[in-house]
Amino acid sequence: MNLIALPAFADNYIWMVHDDARAFVVDPGDAAPVAQALEQRNLQLAGILVTHHHPDHVGGVDALRPRLAATGGVVHGPARERIPEPFVPLRGGDVVMLLGLSFTVIDVPGHTAGHIAFAQQGVAEAPLLFCGDTLFSAGCGRLFEGTPAQMATSLAALAALPADSRVCCTHEYTLSNLRFAAAVEPANADIAAHAAHCQALRAEGVPTLPSSLALERRINPFLRCTEPAVVASARREGAANDEPVAVLAALREWKNRFR
Ligand SMILES: [Zn+2]
Ligand SMILES: [Zn+2]
């Protein structure tokens, strides 16, 4: 099974998984890079997964739909959001099978009210995690429709998945997130080391993704809301108390104005 990050727009990735005959894609905001990748590799489109309703995640769905006809593939998306119809509505706990891979749906509200993630089940190593705009490498999504408490619960659900999970998020925000992470935790050597690594990758035009949950636990301030250094920085930036939700809320607001 092959995993490819197709660049789209300024900083999106459309994830494609294929077995050299068939492929599925996650959050196709634009149909063109998907169509090109399918044609280059002579692949049929067997399904589309959608994490949330934002246009940069669903904008290519309808244009790709005719390509599903040859395989009988369908569009899967969050039950509680407006996704281009028709689609199979999914809720937390549902299971999706694609190309012989099994994914459990996890409800991860926060960035949007009905955002879902897809966590691969039943593999011994490096399960895939498609987490949309909820968990980014070294960061998390903006709270457009949800609360800090919801995002904290959603991130905790993702962080509880296997440490070697491959974190396939939808935006190349890693370097700017790492600059923020270094401001939160100036003494965290893992952040500095990973920033140097990612700068080298980006200089070559290589994605910094997928990340792993093991790495995110060491470098992502939004997964480290109980670390004393993170709590101290959040308090300095106005966190009301030491509780993880208050810390996350303060970090998120700080990040929104961080340049
Ligand atoms: Zn979004
Ligand atoms: Zn997005």
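Residues numbered from 1 in each chain as written. Chains lettered and ligands numbered in written order. Predicted model: local features only at pLDDT ≥ 70, side-chain atom pairs only at ≥ 80, totals over all residues. Heavy atoms only, no water.

Student: Let's hear about the sheet that holds strand S9 (residues 116–121): which residues, and what values?
Tutor: Sheet strands pair via backbone hydrogen bonds, and the direction of the pair is either parallel or antiparallel. The mixed open sheet is built from six strands, whose spatial order is S7-S8-S9-S10-S13-S14. Among the strands making up the open sheet, the edge pair consists of strand S7 (95–98) and strand S14 (211–212). Note that S9 and strand S10 (residues 128–132) share two bridges and pair antiparallel. Across the sheet, the residue bridging to alanine 119 is leucine 129, located in S10. Contacts between helix H4 (residues 148–159) and the sheet are confined to strand S8 (101–107), S9 and S10, with S8 contributing the most and set at about 155 degrees to the helix. (Pairing = 2+ DSSP bridges. Helix = DSSP H or I, 4+ residues; strand = E, 2+ residues; numbered from the N terminus. Contact = heavy atoms within 4.5 Å. Axes fitted to C-alpha atoms, helices over the stretch in contact; angles between N-to-C directions.)

Student: Tell me about the state of the cysteines, and name the residues and values.
Tutor: Tallied over the entire structure, the rule returns zero disulfides. Not engaged in a disulfide, the cysteine cysteine 131 finds its nearest cysteine sulfur in cysteine 169; these two sulfurs lie 5.1 Å apart. A relative accessible area of 0% places cysteine 131 in the buried class. Here cysteine 225 stays unpaired: no disulfide links it, and the sulfur of cysteine 140, its closest cysteine neighbor, is 8.3 Å away. What makes cysteine 225 buried here is its relative accessible area of 6%. (Disulfide = S-S within 2.5 Å. Buried < 20%, exposed > 50% of the residue type's maximum accessible area, 1.4 Å probe, protein only.)

Student: If you had to explain the side chain of glutamine 120 to someone new, which residues and values would you point to?
Tutor: Positionally, glutamine 120 belongs in strand S9. Classification of glutamine 120 as buried rests on a relative accessible area of 9%.

Student: Let's hear about the sheet that holds strand S3 (residues 22–26): which residues, and what values?
Tutor: The mixed open sheet is built from six strands, whose spatial order is S1-S2-S3-S4-S5-S6. Edge positions in the open sheet fall to strand S1 (2–8) and strand S6 (88–90), since each of these has one partner strand only. Shown here is a sheet whose adjacent strand axes are inclined to one another by a mean of 25 degrees, direction ignored. Note: strand S4 (residues 44–49) against strand S5 (residues 75–78), two bridges, orientation parallel. Bridging across to S5, leucine 49 finds its partner in histidine 76.

Student: A description of the coordination of the zinc ion (ligand 1) should follow, citing residues and the corresponding values.
Tutor: Distances from the zinc ion (ligand 1) to its protein donors, namely His52 (NE2), His54 (ND1), His111 (NE2) and Asp133 (OD), fall within the range 2.1 to 2.3 Å. Metal-centred angles of 92 to 165 degrees between the four donor atoms at the zinc ion (ligand 1) mark the site as irregular. Counting the intervening residues between successive donors of the zinc ion (ligand 1) yields the motif H-x1-H-x56-H-x21-D. The metal-metal distance between the zinc ion (ligand 1) and the zinc ion (ligand 2) comes to 3.5 Å, with aspartate 133 coordinating both. A residue pair is termed long-range when its members are at least 10 positions apart, and histidine 54 in the loop between S4 and helix H2 (55–58) and aspartate 133 in the loop between S10 and strand S11 (135–136) qualify at 79 residues. Per residue, the accessibility class of histidine 54 equals that of aspartate 133, and both read buried. (Donors = N, O, S within 2.8 Å, 3.2 Å for Na, K, Ca; no water. Tetrahedral: all angles 85-135°; square planar, octahedral: opposite > 155°, others 65-115°.)

Student: Go over helix H9 (residues 244–257) with me, naming the residues and quoting the values.
Tutor: The first and last C-alpha atoms of H9 sit 20 Å apart over 14 residues, in line with the 20 Å expected at 1.5 Å per residue. Within H9, the full set of buried residues consists of Ala246, Val247, Leu248, Ala250, Leu251, Arg252, Trp254 and Lys255. (Expected span 1.5 Å × (residues − 1).)

Student: Let's hear about the pattern of salt bridges: which residues, and what values?
Tutor: This structure, assessed with the given rule, holds eight salt bridges. As a salt-bridge pair, arginine 235 and aspartate 242 come within 2.5 Å of each other at their nearest N and O atoms. (Salt bridge = Lys/Arg side-chain N within 4 Å of Asp/Glu carboxyl O.)

Student: I'd like to hear about the coordination of the zinc ion (ligand 2), residue by residue, with values.
Tutor: Around the zinc ion (ligand 2), the protein contributes the donor atoms Asp56 (OD), His57 (NE2), Asp133 (OD) and His171 (NE2), which lie 2.0 to 2.4 Å from the metal centre. In this structure, the zinc ion (ligand 2) is coordinated by four donor atoms arranged in irregular fashion, with angles at the metal of 87 to 161 degrees. Here the donor residues for the zinc ion (ligand 2) map to a single chain with the spacing D-H-x75-D-x37-H. Classification of aspartate 56 by relative accessible area gives partly exposed; the value is 21%.

Read these as geometric descriptors, not functional statements.
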